[in-house]
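Fold and contact review
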Amino acid sequence: MDTDAAAAPKVPAAVPHPGGAGSHRVELDLDLELRFVRSLLELAGDCLRWIGPGGEQREWRVTPGMRLGHEAHAGAGRLQLFDGGTCLATWRHTQDAFVAVQRLRDAFARVASGRSQAALHDEEASARCPICRTSIPAGQVDCPQCDAPEGTEAAAPSTWILLRLWRFARPYKRSLLLGFVLTLASTFATLVPPYLTMPLMDRVLIPTQRGEALDVGLATGYLGALLVAALVAWGLGYWRTYILALVAERIGADMRNITFSHLLNLSLEYFGGKRTGDLIARIGAETDRICVFLSLQLLDFATDLVMITMTAVILASIDPLLAVVTLAPLPFIVWLVYLVRDRLRFGFEQINRTWGEVTNVLADTIPGIRVVKAFAQESREVNRFAELNQKNLRMNDRVNRVWALFAPTVTLLTEIGLLVVWAFGIWQVAHDRVSIGVLTAFLAYIGRFFTRVDSMSRIVSFTQQAAAGAKRIFDVLDCVPTVPPPHQPLPLAPVEGRIALRDVTFQYGNHTVLRDINLEIAPGELVGLIGHSGSGKSTLANLICRFYDVSQGSISLDGRDVRTIDIAQYRKHIGVVLQEPFLFFGTIAENIAYGKPEATRADIIEAARAANAHDFILRLPFGYDSVVGERGQALSGGERQRISIARALLTNPRILILDEATSAVDSTTEKEIQKALDTLVQGRTTIAIAHRLSTLRKADRLVVLDKGEIVEVGTHDDLLARRGAYYRFCVNQSQQEGGGAMLLEVGA
Amino acid sequence: MNDRVPRLARDAAGVLSWIDARGTVHRGVHLVQAFPLTAPGEQVSVVSAEGAEIDAFERLDGLDPALRAAIDAALAEREFMPVIERVLSVSRHWVPSTLDIETDRGPTQLVLESEEAIRRIGPDKLLIRDSRGICFVVKSHSGLDRRSRKLLERFL
Ligand SMILES: Nc1ncnc2c1ncn2[C@@H]1O[C@H](COP(=O)(O)OP(=O)(O)O)[C@@H](O)[C@H]1O
Ligand SMILES: [Mg+2]
């Protein structure tokens, strides 16, 4: 195997040829035996050229009958050149080259179909990223959106990320400044007492010891000054701590609010890939840790720093030589800090991640408790939890091992420092170079100084913890919604409800789910969507709700592309009833009024009546004031469904999307829900997806989807007469239902 | 026959009947409030023995006085939500705890099993479920006397 090639740095997979527009070059990274060997495939004009690893070349002239086939499986892609039915060549590649190969294939198809180079160039200029579907600026190869977060992900969590917290601190600039000034002042006040020991010693104590009369006035003067300094330090310290703690709490609250609101504005795609517990841990525990860091630890650190600097200056001004000796251990401590920092940082990052995983288990298991119990998997979940806790312990142990050694080492160094100062001081006093007073003052300062150095070194751990937390928060904040809001949203005129899909293609990542969908839905029309499970029905509904943006083509409402409409405004006109109705913790009334909190009680009751939910609600102990618990666990599936229908009814949307709203319930309940739905669809543009065809008997038109493509459109009778896909569907289902009926008979 | 005022009648066995505006008699009805906690006295429904709504009133004010009285009586009979007027003592300040209370229906004891048994309704109203399943109401928490308020606050 060619190890050199495998280890070679990653080259941008597609490099637009500097010369001609529309030329493509792809670096392929696998050979036909799937070994990591690099080669080049190039499309320049109408010439497709392959340059092998040894420099050998093959060329094909692109003719209209030619086609490039591209498929991927298990992480390896296969690109094949066909001329009519014969395969001329085959190439393999990994995921790295996937996007570039797709672009090459598209360009090839355009060349083969004989489109002009100018048109090619235009399309090139407005290329879209196949992953996130943002448009890629001309001349750029990689998507600015997909690549940016990846870059930050790869970088080690740097302490500098803490500087980005300034964004949250900025609104409190003044308080912070005041806090800092107070810190300076109060620190200064605490430094006065040791200074006073100098004259107290030399001018009061030593003369008295020598037999001179005690100067009472001078003594009380110094003692009074000591008291005043202590009181001032106390007052300033109190004020400072209070102000800064207040600010830190507010910064923490802002951070939580901003992160949460950012999170909620991210697209569904983001939530698809994230775990609840992890997100909860980020917004809950980590903002709190940063808050503690800002309010207590950073504050202490600042004080320590000021204190140490001031002490150093004072010491130097009293006796430079003694000062140098005193400060000698400092470089060692700095060096130690430098040594442990990296280990701690990675340790804390890992601890945070484990903590997120621990929360994940909770967030998974508690809502899924029924499944856990039904399959008697309690002990497994307990073990899973215990394992993660064990991992957490291991991580912590590793950090603590470093940390446990670090702190006493600093203490030892400071003790040695003290010893050195004593020894040097005694020698100096013996040679009469300094007075006893100066030495006493030095020792008093140094006592404080070294405790400060000691506590300051602890900031290393806290800083690394906070940096790890801040990184995880900025990970969320740096994420851009993949359904971008329009730059200049135009106000939405009264909505008629005409929906048009033109050449809509949609991919989840690289998996094409919908292909060339064309569909026009008139205002007030009821369209039924039919297809096997996985044929893309829900995806189509998601696109119409704009939970995702189309990869190609467009969706328009009343002739306006939905991407130019403000998302929140647009969704106000859409009511969705999903197969799995979600209820929030709260009363029934609150749940019904979720989309319209200002609804009156009479409105709520009216909606519930229309949804056929009123009667069962009245049977609950507190009627509409009953609390339904998290996810509505106290209600049956059909009851939850009817509440969600009432919720959709209350907002009175122009467009209604029913995604298998009745497939999870028994047929009696289905009938009740169906009655509710029949009221709901009156006069609204409705797209109904149903499992049971009987639910769609009122549809104006039926659309049959298969593997992401529309295969048939028409009324029930039309489609039956056509004896196509729909007909087979019907036959299939009536057979199944017949079988079901037979089963029932046997059971009875 | 359409202009007749509906009537609520009670037979010897105590079963309620609803005679609607058209004169049809529905036996075994009961009266239900849609919002017993947040808006008592509004949105009252007459529900049949089978649980289907027969009639509904958005509010009771302005009804025929005799009908109003009959409805109030029927509601009062179904609704058992003693109002806590005073908390005399608590066995301890954490759950489970037994509270000695005075209600509008006389003094009693309330066993509070968890903090979740206390539900806030609106800014000042509390609903407390005891271990027997009885719901006690505190109409206004701030309106209680100082001692009762202090005792309750530990559980909020
Ligand atoms: N969030 C997603 N990420 C990746 N693939 C998805 C996602 N949602 C659906 N798919 C895939 O898209 C296809 C169509 O799904 P869907 O539209 O839900 O089908 P259905 O017709 O049953 O509603 C399926 O193959 C499914 O695996
Ligand atoms: Mg689906």
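Residues numbered from 1 in each chain as written. Chains lettered and ligands numbered in written order. Predicted model: local features only at pLDDT ≥ 70, side-chain atom pairs only at ≥ 80, totals over all residues. Heavy atoms only, no water.

1. Details of the overall build of chain A
The following threshold applies: Only DSSP runs of H or I reaching four residues or more are called helices, and only runs of E reaching two or more are called strands; each is numbered from the N terminus. Type-normalised accessible area, obtained with a 1.4 Å probe on protein chains alone, sets the label of each residue: buried when under 20%, exposed when over 50%, and partly exposed for intermediate values. Two residues qualify as a contact provided that any one of their heavy atoms is within 4.5 Å of a heavy atom in the partner residue. Areas reported here follow the Shrake-Rupley algorithm with a probe of radius 1.4 Å; residue values treat only the protein chains shown as occluding.
Assigned secondary structure in chain A consists of 23 helices and 17 strands. By the burial criterion, 45% of the 748 residues in chain A qualify as buried. Long-range pairs, those at least 24 residues apart, make up 69% of the contacts in chain A between residues at least 6 apart in sequence. Split by element, the accessible area of chain A, about 37,900 Å² in all, is 60% carbon and sulfur.

2. A word on the overall build of chain B
A count of helical and extended segments in chain B gives two helices and 12 strands. In sequence order, chain B lays out its α and β elements as β-β-β-β-β-β-α-β-β-β-β-β-β-α. By the burial criterion, 38% of the 156 residues in chain B qualify as buried. Long-range contacts, defined as pairs at least 24 residues apart, comprise 32% of the intrachain contacts of chain B with a sequence gap of at least 6.

3. A look at the pairing of strand S4 (residues 57–61) of chain A
Rule in force here: Any two strands are treated as partners once DSSP identifies two or more bridges connecting them.
Where strand S3 (residues 47–51) of chain A lies against S4(A), five bridges are found, and the strand directions are antiparallel. Note that in S4(A) the partner of Ile51(A) across the bridge is Gln57(A).

4. Quick notes on the confidence of the model for chain B
All names here are of chain B. What counts, and what does not: Per residue, pLDDT captures the predictor's confidence, and it can take any value from 0 to 100.
Chain-level statistics for chain B give a pLDDT mean of 87 and a share of 98% at 70 or above. When mean pLDDT is taken per element in chain B, strand S7 (residues 84–90) scores highest with 92 and strand S10 (residues 118–121) scores lowest with 86. Confidence metrics for the complex model read pTM 0.70 and ipTM 0.86.

5. Quick notes on the nonpolar core
Applicable threshold: Within this scheme, the nonpolar core is defined by two criteria: the residues are buried Ala, Val, Leu, Ile, Met, Phe, Trp, Tyr or Cys, and they are joined through side-chain atoms within 4.5 Å.
Ranked by internal contacts, the top residues of the largest apolar core, which has 52 residues, are Ile592(A), Tyr624(A) and Leu658(A). If one sorts the elements of this core by residue count, helix H20 (residues 637–650) of chain A sits on top with six residues. Beyond its immediate sequence surroundings of up to four residues, Tyr624(A) is in contact with Thr587(A), Ile588(A), Ala589(A), Ile592(A), Ile604(A), Ile605(A), Ala608(A), His614(A), Ile617(A), Ala34(B) and Phe35(B).

6. A short note on a nonpolar patch on the surface
All names here are of chain A. Applied cut-off: Patch building starts from residues that exceed 30% relative accessible area and form no salt bridge, then joins like charges within 9 Å and nonpolar side chains (Val, Leu, Ile, Met, Phe, Trp, Tyr) within 5 Å. Here, a salt bridge means any Lys or Arg side-chain nitrogen found within 4 Å of an Asp or Glu carboxyl oxygen.
A surface patch of nonpolar side chains, amounting to about 520 Å² of accessible area, comprises Leu178, Tyr238, Trp239, Tyr242 and Leu246. Considering every element that reaches the nonpolar patch, the biggest residue donor is helix H7 (residues 216–265), with four residues. Inspection of the secondary structure assignment puts Leu246 in helix H7. Under the relative-accessibility criterion, Leu246 is labelled partly exposed at 34%.

7. Digging into the interface of chain B and chain A
Test applied: Buried area is a sum: the accessible area each of two parts loses on coming together, probed at 1.4 Å, counted once for each and added. For this analysis, a polar contact is any N or O atom pair within 3.5 Å, provided that within protein one partner can donate a hydrogen and the other can accept it, and provided that sequence-adjacent residues contribute only side-chain to side-chain pairs. When residue character is reported, Ala, Val, Leu, Ile, Met, Phe, Trp, Tyr, Cys and Pro are called nonpolar, Asp, Glu, Lys and Arg charged, and the others, Gly included, polar.
Across the boundary between the two partners, chain B contributes 21 residues, which contact 15 residues of chain A. Among the residues chain B hides against chain A, the three largest losses belong to Phe35(B), Glu53(B) and Arg119(B). Together they make up 35% of the total. At the boundary of chain B and chain A, one finds two salt bridges. A salt bridge links Arg609(A) to Glu53(B); its shortest N-O distance comes to 2.7 Å. In this structure, the connection of chain B to chain A is made through seven residue pairs in polar contact (both at pLDDT 80 or more). Going through the elements one at a time, strand S4 (30–33), strand S5 (42–47) and strand S6 (53–59) of chain B are the ones with two or more residues in the side of chain B that touches chain A. Its residues placed into classes, the side of chain B that touches chain A shows 12 nonpolar, five polar and four charged.

8. What about the sheet that holds strand S12 (residues 135–138) of chain B?
All names here are of chain B. Short version of the rule: Between the N-to-C directions of two axes lies an angle of 0 to 180 degrees, each axis being a line fitted to C-alpha atoms and, for a helix, fitted only over the stretch in contact.
One open sheet accounts for three strands, arranged S10-S11-S12; its pairing is antiparallel. Two strands close off the open sheet at either side, each with one partner strand: S10 and S12. Pairs of neighbouring strands in the sheet enclose a mean axial angle of 25°, with direction left out of account. Relative to S12, strand S11 (residues 125–129) runs antiparallel, the two being bridged by four bridges. If you follow Ile128 over to S12, its bridge partner there is Phe136.

9. With respect to the site of ligand 1
Residue and element names in this part refer to chain A. Quick reminder of the rule: To be near a molecule or strand, a residue needs just one of its heavy atoms within 4 Å of it.
Every residue lining ligand 1 is accounted for by Tyr508, His511, Val513, His532, Ser533, Gly534, Ser535, Gly536, Lys537, Ser538, Thr539 and Tyr548. One of the backbone N or O atoms of Ser535 is found 3.3 Å from an oxygen atom in ligand 1. One nitrogen or oxygen atom from the side chain of Thr539 is found 2.4 Å from an oxygen atom belonging to ligand 1. Burial of ligand 1 by the surrounding chains reaches 60%, relative to a free accessible area of 550 Å². If you list the elements that add at least two residues to the shell around ligand 1, you get strand S9 (511–521) and helix H15 (537–544).

10. Considering a positive patch on the surface
Residues and elements named next belong to chain A. Filter applied, for reference: Just so you know, the count uses Lys and Arg for positive and Asp and Glu for negative, and it drops His and the chain ends. To locate a charge, take NZ of a lysine, CZ of an arginine, CG of an aspartate or CD of a glutamate.
On the surface, a cluster of positive charge is made up of Arg167, Arg170, Lys173 and Arg174. Structurally, Arg167 is set in helix H5 (residues 166–169). Look at Arg167 and you get partly exposed, because its relative accessible area is 41%.

11. Some remarks on the packing of helix H6 (residues 173–209) of chain A against helix H9 (residues 276–318) of chain A
All names here are of chain A. Here is the rule: By convention the crossing between two helices is left-handed if the near helix lies anticlockwise of the far one by an angle smaller than a right angle, and right-handed if it lies clockwise.
The interhelical angle for the contact between H6 and H9, taken along N-to-C directions, is 35°, at an axis separation of 10 Å. Where H6 crosses over H9, the two elements pack in a sense that is right-handed. Contact residues: Thr183, Leu184, Thr187, Phe188, Thr190, Leu191, Tyr195 and Met198 in H6; Leu299, Thr303, Val306, Met307, Met310, Thr311, Ile314 and Ile318 in H9. A per-class count over the contact of H6 with H9 returns 11 nonpolar, five polar and no charged.

12. A look at the packing of helix H11 (residues 329–365) of chain A against helix H14 (residues 436–477) of chain A
Residue and element names in this part refer to chain A. Rules: Any angle that falls under 35 degrees is termed roughly parallel, while one over 145 is termed roughly antiparallel, one within 65 to 115 roughly perpendicular, and all others oblique.
Interaxial distance between H11 and H14 falls to 8 Å at its minimum, and their mutual angle equals 30°. One finds that H11 runs roughly parallel with respect to H14. In this structure, the crossing between H11 and H14 has a hand that is right-handed. When the residues that make up the contact of H11 with H14 are grouped by side-chain class, the tally is 12 nonpolar, seven polar and six charged.

13. Things to note about the environment of Arg132(B)
Residues and elements named next belong to chain B. Among the structural elements, Arg132 can be located in the loop between S11 and S12. Of the residues examined, Arg132 reaches a relative accessible area of 53% and is grouped as exposed. In this structure, Arg132 is in contact with Thr108, Gln109 and Leu110, ignoring residues within four places of it in sequence. Reaching out from Arg132, the side chain makes a polar contact with the backbone oxygen of Gln109 at a distance of 2.7 Å. Within the local environment of Arg132, its side chain forms a polar contact with the side chain of Asp130, the two groups lying 2.8 Å apart.

14. Side note on the environment of Gly221(A)
As for its position among the elements, Gly221(A) is in helix H7. Distance in space between the C-alpha atoms of Gly221(A) and Leu200(A) is 9.8 Å, their sequence separation being 21 residues.

15. Looking at the sheet that holds strand S14 (residues 655–659) of chain A
Within a beta sheet, neighbouring strands are joined by backbone hydrogen bonds and run either parallel or antiparallel to one another. All names here are of chain A. Taken together, six strands build an open sheet; the order of strands is S13-S14-S15-S10-S16-S17 and the sheet is mixed. Edge positions in the sheet fall to strand S13 (574–577) and strand S17 (709–714), since each has one partner strand and no second. Averaged over all adjacent pairs, the angle separating strand axes in this sheet is 20°, with direction ignored. With four bridges joining them, S13 and S14 adopt parallel strand pairing. Residue pairing in the sheet places Val576 in a bridge with Ile657 of S14. Relative to the sheet, helix H21 (residues 667–681) contacts S13, S14 and strand S15 (685–689), its axis offset from that of S14 by approximately 155°.

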